[in-house]
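Summary of the model geometry
What follows is each chain in one-letter form.
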Amino acid sequence: MIVKEVLSEELLTLAEVRDLLNRIAEERREKGLEVGYGFRKALHHAEQFSKISGEKSRELVNKLLELEKMKPSIAIRIADILPQSRDEIRSIYAKEKYTLSNEELDQILDYVLEAIE
């Protein structure tokens, strides 16, 4: 497949990708079209590793983006991984030029735990 131009680009969480792929697969099945091997593998991966619903993951990303030291790509990564400890969050921020305080780490953990429940 040759892509001529990118019309738009948006960061999605793994849970949102899973929901999107499920919807596309269902539409293809209703039309009697084949769901290809690569597509099925991508869907299987998304189903296996996404832990919360697409709506909850987007809510979590939006809450995280309200924090001062949060980039969209990091918020998406946190929503995909759902870190359970300060050390896990620190590892996500390892490449950044700044570190987070314990209060900031705890705020992120609170948002994550809230999304999981």
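Now for a quick tour of the structure. Being a predicted model, the structure only gives us computed values, none of them experimental. (Residues numbered from 1 in each chain as written. Predicted model: local features only at pLDDT ≥ 70, side-chain atom pairs only at ≥ 80, totals over all residues. Heavy atoms only, no water.)

Describing the packing of aromatic side chains
Two aromatic rings, taken as a pair, are described by how far apart their centres are and by the angle between their planes. The test is simple: Any two rings among Phe, Tyr and Trp, with Trp reduced to its six-membered ring, count as a pair given centres within 6.5 Å; such a pair is stacked if its planes are under 30 degrees apart, edge-to-face if over 60, and tilted if neither. Both a distance and an angle decide whether a charge sits over a ring: NZ of Lys or CZ of Arg must be within 6 Å of the ring centre and within 35 degrees of the ring normal.
Under the defined criterion, the tally for this structure stands at 1 aromatic pair. Here the guanidinium or amino end of arginine 28 rests over the ring plane of phenylalanine 39, the centre of that ring lying 5.1 Å away.

Points about helix α3 (residues 54–65)
Heads up, the condition is: Numbering of helices and strands starts at the N terminus; helices are DSSP runs of H or I of at least 4 residues and strands are runs of E of at least 2. By this rule the span expected of a helix is its residue count minus one, scaled by 1.5 Å. In this scheme, a residue with accessible area under 20% of its type's maximum is buried, one over 50% is exposed, and one in between is partly exposed, where area comes from a 1.4 Å probe on protein chains only. Within this analysis, the arc is defined by the directions that extend from the helix axis to the C-beta atoms. Only heavy atoms enter the contact rule, under which two residues are in contact if any of them lie within 4.5 Å.
Between the first and last C-alpha of α3 there are 17 Å, a value that for 12 residues agrees with the 16 Å anticipated at 1.5 Å per step. All buried positions along α3 are accounted for by Gly54, Ser57, Leu60, Val61 and Leu64. What you see down the axis of α3 is that its buried residues fit within an arc of 120°, all on one side. Looking at the packing, one finds that the buried side of α3 touches α1 (14–31), α4 (72–81) and α6 (102–116).

Remarks on the side chain of glutamate 16
Inclusion rule: Distance and chemistry together define a polar contact, namely a pair of N or O atoms within 3.5 Å, with one atom able to donate a hydrogen and the other to accept it when in protein, and with adjacent residues in sequence counting only for side-chain atoms on both sides.
Inspection of the secondary structure assignment puts glutamate 16 in helix α1. With a relative accessible area of 16%, glutamate 16 lands in the buried category. Within the structure, glutamate 16 has its side chain in polar contact with the side chain of arginine 58 (distance 2.7 Å). When neighbours within four sequence positions are excluded, glutamate 16 is seen to be in contact with Leu11, Gly54, Ser57 and Arg58.

Any functional reading would require information beyond the geometric quantities listed.
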